[in-house]
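Here are the chains, one letter per residue:
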Amino acid sequence: MLNSTGFFRTENASRYLKQLCKHFAHKIEVEYDDTFGKCAFPTGAATLSADENGLTATVSAETGDMLLRAKSIVDSHLERFAFREEFKSMSWEDLEAS
């Protein structure tokens, strides 16, 4: 399993977490509250966490292509919601395979 963690420094982390999860819930299984979200993407799982420093996303996938797609899903949707902050992409860090 491949994993990657991304971070977006923002004061609106909880708001964006809830917007993302509500949006994704129209198509996939999602669980969330104000500070934590779990999304079952077709490409792999994603968890979101919000705190006073920002929004963190961790995505997991079986292949590199699927991992890239999962990161792209998070980034492209967050770009729509965080346009006022000129968001373009999380700062992603690929983690060791588990």
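Worth saying up front: this structure is predicted, and the values here are computed from it rather than measured.

## Quick notes on the side chain of serine 60
Moving on, step 1. With respect to the helices, strands and loops of the structure, serine 60 is situated in strand E5 (residues 54–61).
Moving on, step 2. Overall, serine 60 belongs to the buried group, its relative accessible area being 17%.
Moving on, step 3. Within the structure, the side chain of serine 60 is placed 2.5 Å from the side chain of asparagine 3, a separation counted as a polar contact.
Moving on, step 4. Not counting residues up to four positions away in its chain, the partners in contact with serine 60 are Met1, Leu2, Asn3, Thr43, Gly44, Ala45 and Leu67.

## Focus on the pattern of salt bridges
Moving on, step 1. One pass over the full model with this rule turns up 3 salt bridges.
Moving on, step 2. Of the charged contacts in the structure, one is a salt bridge between lysine 18 and aspartate 34, with a shortest N-O distance of 3.4 Å. Placement of the pair is lysine 18 in helix H1 (residues 13–24) and aspartate 34 in the loop between strand E2 (30–32) and strand E3 (36–41), with a sequence separation of 16 residues.
Moving on, step 3. We classify lysine 18 as partly exposed; its relative accessible area is 26%.
Moving on, step 4. Taking the relative accessible area as the measure of exposure, aspartate 34 reaches 44% and is therefore partly exposed.
Moving on, step 5. Here lysine 71 ties to aspartate 94 by a salt bridge, and the two come within 3.1 Å at their closest N and O atoms. Placement of the pair is lysine 71 in helix H2 (residues 64–81) and aspartate 94 in strand E6 (residues 91–95), with a sequence separation of 23 residues.
Moving on, step 6. Its relative accessible area of 13% is what places lysine 71 among the buried residues.

## A short note on the packing of aromatic side chains
Moving on, step 1. Under the defined criterion, the tally for this structure stands at 3 aromatic pairs.
Moving on, step 2. Centroid distance phenylalanine 8 to phenylalanine 87: 4.6 Å. Interplanar angle 65°. Geometry classified as edge-to-face. One end of the pair, phenylalanine 8, is in strand E1 (residues 2–9); the other, phenylalanine 87, is in the loop between H2 and E6, and 79 residues separate them in sequence. With respect to class, phenylalanine 8 is no different from phenylalanine 87; both count as buried.
Moving on, step 3. Put simply, the rings of Phe8, Tyr16 and Phe87 touch in pairs and so form one group of aromatic residues.

Rules of the game
Residues numbered from 1 in each chain as written. Predicted model: local features only at pLDDT ≥ 70, side-chain atom pairs only at ≥ 80, totals over all residues. Heavy atoms only, no water. Helix = DSSP H or I, 4+ residues; strand = E, 2+ residues; numbered from the N terminus. Buried < 20%, exposed > 50% of the residue type's maximum accessible area, 1.4 Å probe, protein only. Polar contact = N/O pair within 3.5 Å; in protein donor to acceptor, adjacent residues only side chain to side chain. Contact = heavy atoms within 4.5 Å. Salt bridge = Lys/Arg side-chain N within 4 Å of Asp/Glu carboxyl O. Phe/Tyr/Trp six-rings, centres within 6.5 Å; stacked < 30°, edge-to-face > 60°.

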